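Survey of secondary and tertiary structure
Chain by chain, the residues run as shown.
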Amino acid sequence: MTYEVRLGRPDDHQGIRAFTTDTFEWGDYVADAFLGWLDDPAIEVLVAVHDEDGPVAVATLRRPGPGQAWMAAARVRSDHRRKGLANRLNDAGVALARERGDRIVRLAIEDWNEAPQRQVEQLGYRPTSRWWFVREPVEAADRLPARDRLEPVAASEEIWPVWQRSAYASAGRGLAGVHWTWWTLAPADLDGFARDGHLLGCPAGWAMVEPLEERLAVSWMCSADDDFVRLVEACRDLAREHGLPMVSFNVPDDESLLGRLGGERSSVRIWELVLRDR
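The text that follows walks through the structure, step by step, so that each part is easy to find. The structure displayed is predicted, hence computed values, not measured ones. (Residues numbered from 1 in each chain as written. Predicted model: local features only at pLDDT ≥ 70, side-chain atom pairs only at ≥ 80, totals over all residues. Heavy atoms only, no water.)

Some points on the packing of aromatic side chains
To keep things clear, this is the line we draw: Here is the rule: rings of Phe, Tyr and Trp (six-membered ring for Trp) pair when centre to centre is within 6.5 Å. Planes less than 30 degrees apart are stacked, more than 60 are edge-to-face, and the remainder are tilted. Three exposure classes are used, based on accessible area relative to the maximum for each residue type with a 1.4 Å probe and protein chains only: buried under 20%, partly exposed in between, and exposed over 50%. Each helix is a run of H or I in the DSSP string that is no shorter than four residues. Each strand is a run of E no shorter than two, and both are numbered from the N terminus.
Counted under the stated rule, the structure contains 10 aromatic pairs. Plain terms: the ring middles of Phe-24 and Trp-26 are 5.1 Å apart, the flat faces sit at 15° to each other, and that makes the pair stacked. Overall, Trp-26 belongs to the exposed group, its relative accessible area being 60%. Arranged with centres 5.8 Å apart and planes meeting at 40°, the rings of Trp-70 and Trp-182 form a pair that is tilted. Taken together, the residues Trp-70 in strand S4 (residues 68-76) and Trp-182 in strand S9 (residues 181-184) connect sequence positions 112 residues apart. In terms of burial, Trp-70 and Trp-182 fall into one category: buried. Here a set of aromatic residues connected by ring pairs shows up, and it is made of Trp-70, Trp-131, Trp-160, Trp-163, Tyr-168, Trp-180, Trp-182, Phe-193 and Trp-220.

Rendered as structure tokens:
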């Protein structure tokens, strides 16, 4: 058997689709996203190709922040596992990150998924922050007074100092996690949230939110610690405004934050491979 790891191409799509449709109980997103990834200049798609079977493994590398690389969407066809392909995809991604001068590579693994945790540890990654994805049903309630509701805002200088002092920033080691991608947040990212219309504010604080088809996704939050409960309630209120039955929160592992949330929880660990000093 001979394998080649290279950048992905449009003609890999059907081969990738063949082994990425039922990865999880709910299916998978890789096949649907693959062609869009190829068109995105911010994403490198890595594919392992077998000399007879064609594409048999895939992963992506993106740069969510300056000097930071993010590895994700690693999949290996079941009959080609235990061939070292995940390691080869990682090595190719790390090499690309080094070439462009990145200082760190990160990835996320669910806490229950022990085998890949052992694997990445052997590759030199170390676990850092832990994050919880919390899904709450939205209960019927009266709307908050207008003055307490979340509204779109522009990024302002007052946000950053509040963020730096918050339990959210401390527990999350300064990271933000949006769309299954974590990176060290910078003030310019807040401008990006605002430009996209996803930065909302109220007297209790600020949040990066997106109304999705089935839930309101709250990916990032910023408040004084005493105001966190009020900010959570403002997010719930916004879900009611949009008529959504669920609200999800992406929150670092800190009981002062998690203790304010209900619903179902699942956790991931962020792993880091340091390529060079800052």
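After presenting the structure, the write-up continues.
A word on the sheet that holds strand S2 (residues 43-50)
For sheets, the rule is that strands pair by backbone hydrogen bonds, running either parallel or antiparallel. Going by this rule: By definition, two strands form a pair when at least two bridges between them are found by DSSP. Between two residues, a contact is recorded if the distance between any of their heavy atoms is within 4.5 Å. Where helices are involved, their axes are fitted lines through C-alpha atoms of the stretch in contact, as for all axes, and angles between N-to-C directions lie from 0 to 180°.
Strand order in this open sheet of 12 strands is S1-S2-S3-S4-S5-S14-S6-S13-S12-S11-S10-S7, and the pairing throughout is mixed. With one partner strand each, in any of the chains shown, strand S1 (3-7) and strand S7 (151-152) form the two edges of the open sheet. Bridging between strand S5 (residues 104-110) and strand S14 (residues 264-274) involves 7 bridges; their strand directions are antiparallel. Within the sheet, the bridge partner assigned to Ile-109 lies in S14 and is Arg-269. Its contacts with the sheet place helix H7 (residues 187-195) against strand S10 (199-202), strand S11 (205-211) and strand S12 (216-222), and it is angled at close to 95° to S10.

A few points about the nonpolar core
We apply this condition: Within this scheme, the nonpolar core is defined by two criteria: the residues are buried Ala, Val, Leu, Ile, Met, Phe, Trp, Tyr or Cys, and they are joined through side-chain atoms within 4.5 Å.
Membership of the largest hydrophobic core comes to 53 residues, with the highest contact counts inside it found for Leu-185, Phe-193, Val-218, Trp-220, Met-221 and Phe-249. For this core, the leading source of residues is helix H8 (residues 228-241), giving 7 residues. For Phe-249, the residues in contact, after removing those within four places along its chain, are Trp-132, Phe-133, Val-134, Glu-136, Val-218, Met-221, Val-232, Cys-235 and Leu-261.

Quick notes on the environment of Glu-210
To be explicit about the condition: Counting of polar contacts relies on pairs of N or O atoms within 3.5 Å, with two restrictions inside protein: one atom must be capable of donating a hydrogen and the other of accepting it, and residues adjacent in sequence are counted only when both atoms are side-chain atoms.
Within the secondary structure, Glu-210 sits in strand S11. Here Glu-210 falls in the buried class, since its relative accessible area comes to 12%. For the pair Glu-210 and Asp-196, spaced 14 residues apart in sequence, the C-alpha to C-alpha distance is 9.9 Å. Sequence-distant contacts of Glu-210, that is, excluding residues within four places in its chain, are made with Val-178, His-179, His-198, Arg-215, Leu-216 and Ala-217. Here the side chain of Glu-210 touches His-179 through a polar contact of 2.6 Å, side chain to side chain.

Observations regarding the pattern of salt bridges
A side chain of one charge can pair with a side chain of the opposite charge when the charged atoms of the two come close. Using the following cut-off: One speaks of a salt bridge when a side-chain nitrogen belonging to Lys or Arg is within 4 Å of a carboxyl oxygen belonging to Asp or Glu.
The full count for this structure, using the stated rule, is 20 salt bridges. Of the charged contacts in the structure, one is a salt bridge between Arg-6 and Asp-12, with a shortest N-O distance of 2.8 Å. Given a relative accessible area of 14%, Arg-6 falls into the buried group. Residues participating in the shared-partner salt-bridge network are Asp-111, Arg-130, Asp-253 and Arg-269.

Brief notes about empty space enclosed by the protein
Using the following cut-off: Any residue with an atom within 4 Å of a point lines the site, the site being either a cavity, points on a 1 Å grid over the protein atoms alone where a 1.4 Å probe fits but cannot get out, or a pocket, an open set with protein on both sides within 12 Å along at least 5 of 7 lines. Grid points are joined across faces, edges and corners, and a volume is the space filled by probe spheres set on the points. Asp, Glu, Lys and Arg are counted as charged, while Ala, Val, Leu, Ile, Met, Phe, Trp, Tyr, Cys and Pro are counted as nonpolar; the rest, among them Gly, fall into the polar class.
A complete count under the given rule lists 1 cavity of 30 Å³ or more for this structure. Computed from the structure, the largest cavity encloses a volume of approximately 40 Å³. Contributing to the lining of the largest cavity are Ser-166, Ala-167, Tyr-168, Met-221, Cys-222, Ser-223, Ala-224, Asp-225, Phe-228 and Leu-257. Of all the elements in the fold, those that place two or more residues in the lining of the largest cavity are helix H6 (167-171) and S12. By residue class, the composition of the lining of the largest cavity is 7 nonpolar, 2 polar and 1 charged.

Re the pairing of S12
We count it as follows: Here a crossover is taken to be right-handed if, once the strands point away from the viewer, the path from the first strand over the helix to the second is traced clockwise.
For S12, the buried fraction is high: 7 of the 7 residues fall into the buried class. Pairing analysis gives 6 bridges linking S11 to S12, with the strands arranged antiparallel. Paired with Ala-207 across the strands is Met-221, a residue of S12. Hairpin remark: S11 followed by S12, antiparallel, with 4 residues in the connecting loop. Crossover S12 to strand S13 (residues 246-252) through H8 is right-handed.

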